[in-house]
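Results of the structural survey
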Amino acid sequence: MRWFTKLPPVLTFELSRFEFNQSLGQPEKIHNKLEFPQIIYMDRYLYSSKEIIQRKREETRKLRKQIAILQQKLERYMKYGSGPSRFPLPDMLQYVLEFASTKLPLVVPSAQDSQMMPAQSPAECCGLNEPLQQNSVLETESTENTEGAASTLINPPSQQELMSKLPQPSRLPAEMPECPAPRVVTEEEMSLVRTCLQRWRSEIEQDIQDLKDCITRINQSIGQMYGDPVLCQVPYRLHAVLVHEGQANAGHYWAYIYDQPRKNWLKYNDISVTESSWEELERDSYGGLKNASAYCLMYINDKLSHLVADDDDDDDAETGQFQKEVELLPPELQNYIQEDNWRLEQEVEEWEQEQSCKIPQIEPSATSESQDFTSESGPDQSSGCEHRIRSLSSEHARIAKDQTAQAIANTADAYEKNGVEAALYEVMLSPAMQGVILAIAKARQTFDRDGSEAGLVKAFHEEYSRLYLLAKETPTPHNDPRLQHVLIYFLQNTAPKQVVERTLLEQFADRNLSYDERSISIMQVARAKLKEIGPDDVNMEEYKKWHEDYSLFRKVSVYLLTGLELYQNRKYQEALTYLVYAYQSNTSLLMKGPNRGVDESLIALYRRKCLLKLNDMAAALFVSSAEVDVLEGINILNELIIPCMHLIINNDISKDDLDAIEIMRNRWCSYLGQEDMDANLQMKLGELLPRLLDCSAEVIILKEPPKIRPNSPYDLCSRFAAVMESIHGTAPLTVK
């Protein structure tokens, strides 16, 4: 049993509202009703309440056991009987009493009935002599059985005699009463039966009511078990409810969020925000009535007032509180939050740029189509293009400075106390961010003497010099400096000077570099410089292509590292897909220059190893003769091996790749004509071999690998070093 030692400020409950219907082969939504309170107390799950909760759980277990026993007793009353059909015992006693109280109606026979029916004695009418007649018949049969056996065989009885011996009904069906009733009952008998049945029924009903009352009291005790004030110290209040209306394959979403200042619920439905109520939330969220139901609940700690801002003046205090809570998290979670914040800022910036670029489409006239762009329309269109291009370059600037404002604030604090070297020692920053801070620190005297613009120029040259020296260093097998900074990639590939300078200027214009007045001034000057750069100063199309190439280089590096990690974990199918895509994208980069991509021979080597491993696996599955294994082996061939072989052969193929393909082909050709192979397998082999041997007969499409979250330069560099060290056999692969 696990206990919480500390609770988060926000609790999120995901309700399972979907299940897969095996018979229909499709998902279905669960519309069952589920109620939830506005306040829940989490004391019962805390380690500090462990002892008292364990005692109460034991008491609850005993009470539930008592309820089970009482339910069994109650069921014996409510499902009474020994046959397949069971009924409530009070109802059965009532039915017997009603039967006993029913009287036969008086029927006067007509004259015609009197003539047709023979005269019968009262005993015969009541059927009282039937047992006597039956007994006499039995006695006659028993005494004359032996004597009349022979005579019966010689002189068989007539049909009329046989019919006379059958038992005759005492009444005709038409004369039976409409309702069941006793034929003869005396007043004394009736009084006795009525008295007993009524008394028994009252006793049974009292017993049933006592059982129900006892069960109700025990349930109330269980419900109040955790209502102790000691266990109501950690309240969480419902803050948001996410609702889905529809089925598993389609529907509509909206949310209810509690407005703390106004003390009411708001309904967020697309672009519409309206006031709501708890009654409406219940109706839409509990489920069971219609196709709408809640699928996610969010509770917040009711004692943490800073989680819900009551006033705009509290924004700074709220931000400071959040920053303190982030600092308490492990470094891995802090990095995750920083990257997530970065992605959110990137999405907001891209959205704002898209909105600013949206211009109403006007139907062009014949004259306007033939005219060139005027001087008035030119700047607007170039500005829109510039926004799109800067989006990618800004992303690289942010990638180079993956540290957030909080990390820089910590650096600034250490810097003010002990200088820049101590600041860089206190906070782990990426190499690019260290370079920016060092450059600004070295420009301090220039800034103080000549102003912010001169400080920017000095810091700019300092950082450029540092990156230039890094670009000239000889790379090692375990280190690729191009992953650290986009400008190292540009310098190693002799990018135009205007592209390099604008990219570096964007790095100094980032708003995260605002940890003191000097940095803020330099940032503002850098932003102003960026606005002064026009289309004539920098070829924006060329600028865009350089940044696209660096994005592709990073993608190739991530695909290569992922493929190598999967290969070493023996996940050859997933590894091959990443390596094939890395090779194809890398080829397009290497066509522009030898330093544009990664080592082609490394990708080809492990792509070849994956192919051989998968070919052995597919062949072993194929010859196993098990239907499931055979199908799996054929799928590996059709979806991975054959498409990859076609891609290799249709490009410039190396001798090593050609030898590997021949080995794979020979493996499958060796199965032809084997006597111990099933005829069905031989037929399937005949269908596969033409595709294996002829790689020009069809168009091959390989599935794209899953998308991968972008890594920061620090993570990517350390990951690259770990993978390279591992594949060279010096250490096992351990990458976080």
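No experiment lies behind these values; they were computed from the predicted model shown. Position numbers for residues count from 1 along each chain, tracking the sequence in the order it is written. Residue-level local features of this predicted model are given only where pLDDT is at least 70; pairs of side-chain atoms are given and counted only at 80 or more, and the full residue set underlies all totals for whole chains, interfaces and linings. With hydrogens and water set aside, each side-chain value is computed from the structure's full complement of heavy atoms.

The subject of this paragraph is the overall build of the chain. What counts as a helix is a DSSP run of H or I of at least four residues, what counts as a strand is a run of E of at least two, and both are numbered from the N terminus. Each helix and strand counted, the chain has 28 helices and nine strands in total. When a residue's accessible area, from a 1.4 Å probe over protein chains only, is under 20% of the maximum for its type it is buried; when over 50% it is exposed; and in between it is partly exposed. By residue count, 37% of the 736 residues in the chain fall in the buried class. Computed with a 1.4 Å probe, the accessible areas rest on the Shrake-Rupley method; for each residue, only the protein chains presented here act as cover. For the chain, the accessible surface area stands at approximately 45700 Å², while carbon and sulfur atoms represent 53% of it.

Any helix carries an expected span of 1.5 Å times its number of residues minus one. In a regular helix each residue adds 1.5 Å, so 24 residues correspond to 34 Å; helix α25 (residues 627–650) covers 33 Å between its end C-alpha atoms and thus fits that length. Axes are fitted to the seven residues ending at a residue and to the seven starting at it; the angle between these axes is taken as the bend at that residue. The largest bend in α25 is about 40°, located at Leu637.

Residues belong to a common nonpolar core when they are buried Ala, Val, Leu, Ile, Met, Phe, Trp, Tyr or Cys residues joined through side-chain atoms within 4.5 Å. Judged by nonpolar contacts, the single largest core of 90 residues is most densely connected at Phe490, Phe508, Phe622, Ile641 and Trp668. With 13 residues, helix α22 (residues 540–568) is the largest single contributor of residues to this core. Counting 23 residues, the second largest nonpolar core, distinct from the first, contains Leu11, Leu46, Tyr256 and Leu297.

Taking 1.5 Å of rise per residue, the 19 residues of helix α23 (residues 572–590) would be expected to cover 27 Å, and the 26 Å separating its terminal C-alpha atoms lies within 8% of that figure. Turning to α23, its buried residues are Tyr572, Ala575, Leu576, Thr577, Tyr578, Leu579, Val580, Ala582, Tyr583, Ser585, Asn586 and Leu589. The contact definition used throughout considers only heavy atoms, calling two residues in contact when any of these lie within 4.5 Å. Structurally, α23 contributes buried residues whose contacts are with α19 (486–492), α22, α24 (600–622) and α25.

Segments scoring low in pLDDT should not have their predicted coordinates read at a detailed level. When the pLDDT values of the chain are averaged, the result is 76; 72% of them are 70 or greater. Scored from 0 to 100, pLDDT records how confident the predictor is in each individual residue. Per-residue pLDDT stays below 50 along residues 420–429; that stretch engages in 24 contacts with residues further than four places along the chain or on separate chains. In this model, residues 730–736 is a region of pLDDT below 50 whose contacts with residues beyond four sequence positions or in other chains number 15 contacts.

Right, let's talk about the packing of aromatic side chains for a bit. Pairing of aromatic rings covers Phe, Tyr and the six-membered ring of Trp, with a centre-to-centre limit of 6.5 Å; geometry is then stacked below 30 degrees between planes, edge-to-face above 60, and tilted otherwise. Enumeration according to the criterion identifies 17 aromatic pairs in this entry. Following the ring pairs from residue to residue traces out a cluster consisting of Phe36, Tyr258, Trp265, Trp278 and Tyr286. By definition, being over a ring means that NZ of Lys or CZ of Arg is both within 6 Å of the ring centre and within 35 degrees of the ring normal. Above the plane of the ring of Tyr583 lies Arg607, whose end atom (NZ or CZ) is 4.0 Å from the centre.

Our next topic: the packing of helix α20 (residues 497–508) against α22. The geometry of α20 relative to α22 is characterised by a closest axis approach of 10 Å and an angle of 70° between their N-to-C directions. If you check the angle between α20 and α22, you find them roughly perpendicular. Between α20 and α22 lies a crossing of right-handed hand. Together, Val499, Arg502, Thr503 and Glu506 of α20 and Met540, Tyr543, Trp546 and His547 of α22 make up the contact between the two elements. The classification used treats Ala, Val, Leu, Ile, Met, Phe, Trp, Tyr, Cys and Pro as nonpolar, Asp, Glu, Lys and Arg as charged, and all other residues, Gly among them, as polar. Class assignment for the residues of the contact of α20 with α22 results in four nonpolar, two polar and two charged. All axes are obtained by fitting lines to C-alpha atoms, using only the stretch in contact for helices, and the reported angles, taken between N-to-C directions, cover 0 to 180 degrees. Here the word oblique covers every angle except those under 35 degrees (roughly parallel), over 145 (roughly antiparallel) and from 65 to 115 (roughly perpendicular). The handedness criterion is simple: a crossing whose near helix is rotated anticlockwise from the far helix by less than a right angle is left-handed, and one whose near helix is rotated clockwise is right-handed.

This part takes up the pattern of salt bridges. Here a salt bridge means any side-chain nitrogen of Lys or Arg lying within 4 Å of a carboxyl oxygen belonging to Asp or Glu. A full pass over the atoms with the stated rule returns 23 salt bridges. Two residues, Arg61 and Glu58, come together in a salt bridge whose shortest N-O distance is 2.5 Å. With Arg61 and Glu58 both in helix α1 (residues 50–78) and three residues apart, this pair spans about one turn of that helix. On the basis of relative accessibility, which here comes to 33%, the residue Glu58 falls in the partly exposed class. Put simply, Asp450 and Arg449 hold a salt bridge, and the shortest N to O gap is 3.3 Å. One continuous salt-bridge network, built from bridges that share partners, spans Asp549, Lys592 and Arg596.

Before going further, it helps to spend a moment on the pairing of strand β6 (residues 251–259). If a strand is regular, its side chains alternate between the two faces of the sheet. The criterion for strand pairing is that DSSP finds at least two bridges linking the strands in question. Sheet topology places strand β5 (residues 235–246) next to β6; seven bridges connect them, and they run antiparallel. Bridge pairing in β6 places Ala240 opposite Ile257. Two successive antiparallel strands, β5 and β6, enclose a turn made up of four residues. Pairing analysis gives five bridges linking β6 to strand β7 (residues 264–269), with the strands arranged antiparallel.

Further remarks concern a nonpolar patch on the surface. Patch membership needs two things, relative accessible area over 30% and no salt bridge, and members are linked within 9 Å if like-charged or within 5 Å if nonpolar (Val, Leu, Ile, Met, Phe, Trp, Tyr). There is a patch of nonpolar side chains on the surface, built from Tyr464, Tyr468 and Leu469 and spanning about 300 Å² of accessible area. Residue placement: Leu469 occurs in helix α18 (residues 452–472).

Look at Lys263: it is not a glycine, yet its phi comes out positive at around 60°. One can find Lys263 in the loop between β6 and β7. Here Lys263 falls in the exposed class, since its relative accessible area comes to 52%. The backbone of Asp270 sits at a positive phi, close to 55°, despite the residue not being glycine.

Our next topic: the environment of Glu14. Within the secondary structure layout, Glu14 lies in strand β1 (residues 10–14). Placed 280 residues apart in sequence, Glu14 and Ala294 show a C-alpha to C-alpha distance of 9.1 Å.

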